[in-house]
Amino acid sequence: MLLALLALALIALVLAAPLIVGAIKRRRSGRPARHRSAQDELEALSLYDPGRERRAEQRARELLRSCVNEEEWSMYRDLGFIRVAGKHARRESDKTGAPAYAYLVYPHKPIVAYVPASGQLLSEYCVEFPDLAGTGGRHRLPASDDVLAKWMALTSDEDRVIRRANLHLVGRQHDPARVRRDLWRLAEWERRRGPRPEIHQKSR
Amino acid sequence: MKPGHGELLLAEGDPRVQEDEERLVEEFRRQLDEGMWAAVPVTNPGSGRREAQLIREYADIPLEAERVIFFPRASGG
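Because the structure is a prediction, the values reported are computed rather than measured.

**Student:** I'd like to hear about the packing of aromatic side chains, residue by residue, with values.
**Tutor:** How two aromatic rings sit relative to each other is given by the distance of their centres and the angle of their planes. Residue and element names in this part refer to chain A. Taken as a whole and judged by the stated rule, the model has 8 aromatic pairs over all chains. Here the aromatic rings of tryptophan 73 and tyrosine 76 are separated by 6.2 Å at their centres, their planes lie at 50°, and the arrangement is tilted. Residue tryptophan 73 and its partner tyrosine 76 are both found in helix α4 (residues 70-79); the two are separated by 3 residues, about one turn of the helix. On the numbers, 6.2 Å between centres and 70° between planes, the contact of tyrosine 103 with tyrosine 125 is edge-to-face. Remark: tyrosine 125 occurs in strand β4 (residues 121-128) and tyrosine 103 occurs in strand β2 (residues 102-105); sequence separation between them is 22 residues. Ring pairs connect the aromatic residues Tyr101, Tyr103 and Tyr125, which therefore count as one cluster.

Okay, here's the thing in C-alpha cells:
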C-alpha cells in the first residue's frame, strides 16, 4: 500500500514538474501568471504539441500519395510498404521481361531486395535521412516521408542510394519470416486486384 | 522534408516572373548547399510508371514541374 502511494506521488510529481518549473521561472522574473503575454502563451504551447507529429504524418501521406502512382499508394495504404522495381538486368532476357529484382520499401526500416520470380530474399540496405541542419536531438522524418525519400532516391538514382546504404543479409533488422509473409501478402493483394504485368510475384 | 517536422513550404512563385525566379533559384541553391537532394516526381514516358528525377541544377527542373521536393541525402543507417 505504502509502495503504491509512493509510486503515485512520484508520478504526480513528474506530471507537475513542468508547472512547478514554470511557476519558479515566473517568480524569478517577477511576473505573475495572470500577466503573461500572448507570446509567452505561444512559447509555452510550442514546447510540446502532441498533434504535431500526427499532422506531419498526415501531410506526409498526402505528399506521398501525390508523388507515386495509384498502385503504389494503395500498396502502402493496405500493406504498409511499397515495392520498387530494380533497374539493372542480370541477364539479357531480363531487359525485356519483368525486373530481375525488386525492393520493398518500409518506413524507418531497411530496404529489402528480393527476386520477384522466386521470392528469394537478397539483402537489406540500411539507409536513413538524417537532419542536416544540425539542430540537435535525434529527429527523423515522418514515416510516409521516409518512404517517399527512399522511393525518390531509388527511382531517381538507384546506384547512388545503394552505394550509400549499409548492406546486410536479411535478418539483421528485418525478420526474414515477416518479410516472406509480406511477400505472400503482396501476392494475395495483387491477386485480388487483378493481374499486374510489370512484376510477377511468386506465391509462397 | 525536414526531420522532426515533415513537409515545409520553402518558396513558391511563378518561374516565368523574373523576381519569383530569382527567389526560387536562391532557395534552390541554398538547399543544395545545405546538402539536400532535390527531386521532381515525373511519369516515365517509356514505361508509364511514376518515378523521381534527381535535379542537380535549377535549369534541370522540367518546365511542367509543379514543385521540387528537397529531402536529406541518404546515408548508411
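The structure having been displayed, the exposition proceeds.
**Student:** Give a detailed account of the sheet that holds strand β2 (residues 50-55) of chain B, specifying residues and quantitative values.
**Tutor:** Read across the sheet, 3 strands follow the order β2-β1-β3 (chain B) without closing on themselves; strand pairing throughout is antiparallel. The sheet is open, and its two borders are formed by β2 and β3 (69-72) of chain B, each paired with just one other strand. Across the sheet, the axes of successive neighbouring strands diverge by a mean angle of 40°, strand direction being ignored. Both strand β1 (residues 36-43) of chain B and β3 of chain B contribute to a ladder of 4 bridges, which runs antiparallel. Within β3 of chain B, the position partnered with alanine 39 of chain B by the bridge is isoleucine 69 of chain B. The sheet contacts of helix α5 (residues 143-156) of chain A involve β1, β2 and β3 of chain B, and relative to β2 of chain B the element is tilted by about 80°.

**Student:** Go over the nonpolar core with me, naming the residues and quoting the values.
**Tutor:** Judged by nonpolar contacts, the single largest core of 35 residues is most densely connected at Leu64, Ile82, Leu148, Trp151 and Met152 of chain A together with Met1 and Phe71 of chain B. Residue contributions to this core peak at 7 residues, all from α5 of chain A. The contacts of tryptophan 151 of chain A, once residues within four sequence positions are left out, are Cys67, Val68, Glu72, Ile82 and Val84 of chain A together with Arg50, Glu51 and Ala52 of chain B. Core analysis: the next-biggest nonpolar cluster, separate from the first, contains 14 residues, Leu79, Tyr106, Val179 and Leu186 of chain A among them.

**Student:** Residue-level account of unusual backbone geometry, with values.
**Tutor:** Among all residues save glycine, negative phi is the norm, and among peptide bonds the norm is trans. Residues and elements named next belong to chain A. Of note in this structure, histidine 108 is not a glycine but carries a positive phi near 55°. The residue histidine 108 is located in the loop between β2 and β3 (111-114) in this model. Under the relative-accessibility criterion, histidine 108 is labelled partly exposed at 27%.

**Student:** Before we move on, could you go through the interface of chain B and chain A and cite the residues and values that matter?
**Tutor:** A common measure of how large an interface is: the accessible area buried when the components associate. In this assembly, 29 residues from chain B lie in contact with 38 residues from chain A. Carbon and sulfur atoms make up 57% of the area that chain B and chain A hide from each other, which totals about 3,100 Å². Together, Met1, Arg49 and Arg50 of chain B form the three largest contributors to the area buried by chain B at its contact with chain A, with a combined 20%. Arginine 56 of chain B is the salt-bridge partner of aspartate 157 of chain A, the closest N and O atoms lying 3.3 Å from each other. Viewed at the interface, chain A and chain B are joined by 8 residue pairs in polar contact (both at pLDDT 80 or more). For the side of chain B that touches chain A, the secondary structure elements donating two or more residues are β1, β2, β3 and β4 (75-76) of chain B. Of all the elements, β2 of chain B adds the most residues to the side of chain B that touches chain A, at 5 residues. Residues that form the side of chain B that touches chain A fall into these classes: 12 nonpolar, 8 polar and 9 charged. Relative to β4 of chain B, β4 of chain A runs antiparallel, the two being bridged by 2 bridges. By the bridge assignment for β4 of chain B, valine 127 of chain A is matched with glycine 76 of chain B.

What counts, and at which threshold
- Residues numbered from 1 in each chain as written.
- Chains lettered and ligands numbered in written order.
- Predicted model: local features only at pLDDT ≥ 70, side-chain atom pairs only at ≥ 80, totals over all residues.
- Heavy atoms only, no water.
- Phe/Tyr/Trp six-rings, centres within 6.5 Å; stacked < 30°, edge-to-face > 60°.
- Helix = DSSP H or I, 4+ residues; strand = E, 2+ residues; numbered from the N terminus.
- Pairing = 2+ DSSP bridges.
- Axes fitted to C-alpha atoms, helices over the stretch in contact; angles between N-to-C directions.
- Contact = heavy atoms within 4.5 Å.
- Core = buried A, V, L, I, M, F, W, Y, C linked by side-chain atoms within 4.5 Å.
- Buried < 20%, exposed > 50% of the residue type's maximum accessible area, 1.4 Å probe, protein only.
- Buried area = accessible area lost by both parts, 1.4 Å probe.
- Salt bridge = Lys/Arg side-chain N within 4 Å of Asp/Glu carboxyl O.
- Polar contact = N/O pair within 3.5 Å; in protein donor to acceptor, adjacent residues only side chain to side chain.
- Nonpolar A, V, L, I, M, F, W, Y, C, P; charged D, E, K, R; others polar.

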